[in-house]
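# Remarks on the overall topology
Read off the chains here:
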Amino acid sequence: MFSFFAIPLASQTSTITTASPAINAFFSQPIDVILSYFLVWFGWIPIVMTIIWGVVQMWVNYRQGKYSTTLKFIVLAVDVPSLTEQTPKALENLFSNLYGAKSTLTWKEQWIIGKYQPSFSFEIISSEGYIQFLIRTQTRFRDMIEAGIYAHYPDAEIAEVEDYTQYFPTEFPDAEYEMWGGEFTLDKPDMFPIRTYVDFEDKLTGEIKDPLGNTLEQMAKMRPGEHFWFQMLVQPSSNDWVKPGIKRLNEAAGKAEKVKKSMLLSGVEAALSWPIGIVAQATTLDLSGLFGGKTEADKPERVFLPFQESKEIEAIYNKITKVGLGCKIRILYVAKKNVYVKVERTGIVKGILNQYAHLTLNKFTLFIPQVPKDDYFWMRWEYTTKQRTLMGAYKRRSWGVGANPINLNVEELASLWHFPAISIKAPLIKKAEARRGEPPVGLPVTFLENTLAGNPEPDLQAGIFETASSSLEPAPVKEKRTAEEVIASAEVPILTSPTLSISHSTPPKKETHVEAEEVEMMQEQDDSSVPPNLPV
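Conventions we followed
- Residues numbered from 1 in each chain as written.
- Predicted model: local features only at pLDDT ≥ 70, side-chain atom pairs only at ≥ 80, totals over all residues.
- Heavy atoms only, no water.
- Helix = DSSP H or I, 4+ residues; strand = E, 2+ residues; numbered from the N terminus.
- Buried < 20%, exposed > 50% of the residue type's maximum accessible area, 1.4 Å probe, protein only.
- Areas by Shrake-Rupley, 256 points an atom, 1.4 Å probe, with all protein chains shown as cover.
- Phe/Tyr/Trp six-rings, centres within 6.5 Å; stacked < 30°, edge-to-face > 60°.
- Lys NZ or Arg CZ within 6 Å of the ring centre and 35° of its normal.
- Salt bridge = Lys/Arg side-chain N within 4 Å of Asp/Glu carboxyl O.
- Core = buried A, V, L, I, M, F, W, Y, C linked by side-chain atoms within 4.5 Å.
- Contact = heavy atoms within 4.5 Å.
- pLDDT = per-residue confidence, 0-100.
- Polar contact = N/O pair within 3.5 Å; in protein donor to acceptor, adjacent residues only side chain to side chain.
- Pairing = 2+ DSSP bridges.

Attention now goes to the overall build of the chain. Along the chain, the regular secondary structure elements total 17 helices and 9 strands. Expressed as a percentage of the 536 residues in the chain, the buried residues total 35%. As presented, the chain carries roughly 34,100 Å² of accessible surface, and 60% of it is formed by carbon and sulfur atoms.

As structure tokens, this is what we get:
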């Protein structure tokens with residue numbers, strides 16, 4: 001029996017013995033020869049994997065492009081109330097509600113249909129110094145946007161307008177317009193916050209010095225032919241961006257990162273928990289650490305952080321405790337060539353968000369690969385290409401072009417885009433000219449204003465004006481008579497009615513009080529003598 005099993009073992013031993021010289025001979029070759037063999041044998045694997053990944057991405061982009069053509073977008077212009085005392089905190093609820101637009105995508109929706117999460121564009125534009133607040137959204141989310149604004153700004157006016165970007169070119173160089181701008185991203189990871197409106201509160205007076213005031217004042221400096229655009233794309237996304245912040249908080253607190261145990265180790269630990277507990281009670285020996293359990297010595301001690309690090313931990317905690325959304329920010333300066341002054345406006349583009357910078361936490365910085373530059377001759381070769389890419393991404397409100405999206409919480413978003421308070425006196429901001437009010441509850445509605453399907457139209461010739469709930473009765477047919485016969489047969493006294501001066505040459509006439517139907521017949525016969533513009 002043992003000899004039967006000894007036969008294959010002996011054959012395997014002989015195979016290994018005979019193969020050893022060949023292996024030794026292969027690895028005794030020069031290293032470049034060995035690497036060339038490995039490249040031929042296994043080098044095709046990463047190449048094929050890269051090609052497959054590229055094909056999949058091209059397919060997804062193609063399907064998303066087809067899906068985007070089925071979406072309907074509108075641009076809403078918001079005329080801010082002129083006497084509002086609301087702080088930027090009022091818009092935190094609006095941005096929080098946008099997270100409700102997020103949907104769980106199925107495999108078919110994501111890879112076959114090409115569906116993606118909806119995005120919203122919050123914009124502030126200055127057209128020759130005239131400032132307007134705009135929101136671009138899908139048509140199905142219009143009610144949600146309007147409700148979020150009217151909830152805190154009941155006097156605001158919202159109207160649908162045309163997309164202003166359609167009047168500007170996408171291809172550069174252009175014969176009439178010139179453009180410069182860039183996309184902004186964060187200097188540090190997303191868990192570090194920027195300065196928000198809370199940091200701009202005056203501790204003496206308690207008044208918030210609105211950080212948006214500086215932005216609006218600079219945008220109001222645009223001269224005729226100049227345009228300055230601020231675009232903030234917002235998209236509800238996953239909350240995975242808070243995980244690095246939670247990890248940083250645990251490190252600062254001295255908590256070790258939780259390592260998921262295998263099923264085998266968990267089973268062994270559960271089976272030996274009773275014996276280990278009995279031994280610990282009998283001999284005061286803690287053996288739980290043999291299988292990955294924590295002993296008394298492994299418990300973290302309380303950590304005392306220095307002042308700067310404690311402030312950093314507090315800021316990270318305040319950010320990750322609020323709802324966060326994906327965000328992309330673009331700023332463009334577009335002007336006609338005869339008034340285009342890039343030297344003067346570059347500083348505004350670069351510094352318009354500097355008031356939100358926190359030097360020890362986070363700040364905004366330009367995404368250099370997308371900024372058109374002409375400092376050196378090789379940069380001028382791709383200057384117009386970057387202009388076309390940036391302008392096209394802005395006009396399409398593209399989410400995939402440019403830098404990776406950043407994550408900002410609702411407090412940071414409300415600090416970047418909100419309506420100016422009463423203390424901001426920036427000129428040429430489009431504001432509501434009147435207060436919006438609702439009609440009285442018991443206001444009667446005529447048939448003309450409430451025409452229901454299936455109801456006949458009112459007979460205006462017969463003078464019938466009934467409500468939609470009443471039925472229309474045909475007017476009785478009366479014998480037609482001349483005006484002289486009607487007046488002669490009238491048994492009412494002749495009264496003098498108020499006169500209406502039609503012209504200086506026509507003396508006032510007396511009218512006879514008769515039935516409405518008979519007077520109407522008289523008017524039908526004498527229509528040629530009545531002026532066409534006579535007020536009724």
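Once that is clear, we can look at the packing of aromatic side chains. Centre distance and the angle of the planes are the two values used to describe a pair of aromatic rings. This model, assessed by the stated rule, comprises 16 aromatic pairs. On the numbers, 5.0 Å between centres and 65 degrees between planes, the contact of F122 with W417 is edge-to-face. Residue F122 is found in strand β2 (residues 120–127), and its partner W417 is found in the loop between α15 (410–416) and α16 (483–489); the two are separated by 295 residues along the sequence. For the pair F122 and W417, one class covers both residues: buried. Ring pairing ties together the aromatic residues F95, F122, F133, Y153, W417 and F419, which thus form one cluster. The side chain of R136 reaches across the aromatic face of F73, ending 4.0 Å from its centre. Its end group placed over the ring of F200, R195 keeps NZ or CZ at 4.4 Å from the ring centre.

On to the pattern of salt bridges, then. With the rule as written, the count across this model stands at 18 salt bridges. R223 is the salt-bridge partner of E344, the closest N and O atoms lying 3.3 Å from each other. Of this pair, E344 sits in helix α12 (residues 342–351) while R223 sits in the loop between α7 (212–219) and β6 (226–235), and the two are 121 residues apart along the sequence. A relative accessible area of 38% means that R223 is categorised as partly exposed. Residue E411 is joined to K322 by a salt bridge in which the shortest nitrogen-to-oxygen separation is 2.6 Å.

Our focus in this paragraph is the nonpolar core. Side chains of a nonpolar character, in soluble globular proteins, are inclined to be buried together. One finds F95, F122, I149, M232, L353, F364 and W417 to be the most contacted residues of the largest nonpolar core, which totals 59 residues. The leading source of residues in this core is strand β7 (residues 324–336), at 6 residues. Apart from the residues within four sequence positions on either side, M232 is in contact with F95, F120, S121, F122, C327, K328, I329, L413, L416 and W417. Listed in part, the 15 residues of the second largest apolar core include L134, F172, W229 and L390.

Right, let's talk about the confidence of the model for the chain for a bit. When pLDDT is averaged across the chain, the result is 76; 66% of the residues are at 70 or more. Per-element mean pLDDT across the chain ranges from 53 in α16 up to 94 in β6. When the criterion is pLDDT under 50, residues 460–473 qualifies, and its contacts beyond four places in sequence or with other chains add up to 19 contacts. Within the model, the stretch residues 494–514 combines pLDDT values under 50 with 12 contacts to residues more than four positions away or in other chains.

Counting through the fold element by element, Q355 comes out in the loop between α12 and β8 (364–366). For Q355, a relative accessible area of 14% translates into the label buried. Side-chain polar atoms of Q355 contact the backbone oxygen of I352, separated by 3.2 Å. Leave out the neighbours within four places in its chain, and Q355 touches R195, F200, P211, N214 and T215.

With an omega dihedral of 5 degrees, the bond running from F172 to P173 counts as a cis peptide bond. You can see P173 is positioned in the loop between β4 (157–161) and β5 (177–186).

Our next topic: the pairing of β7. Most of β7 is tucked away, with 12 of its 13 residues classed as buried. Sheet topology places β7 next to strand β9 (residues 406–409); 4 bridges connect them, and they run antiparallel. Paired with G324 across the bridge in β9 is N409.

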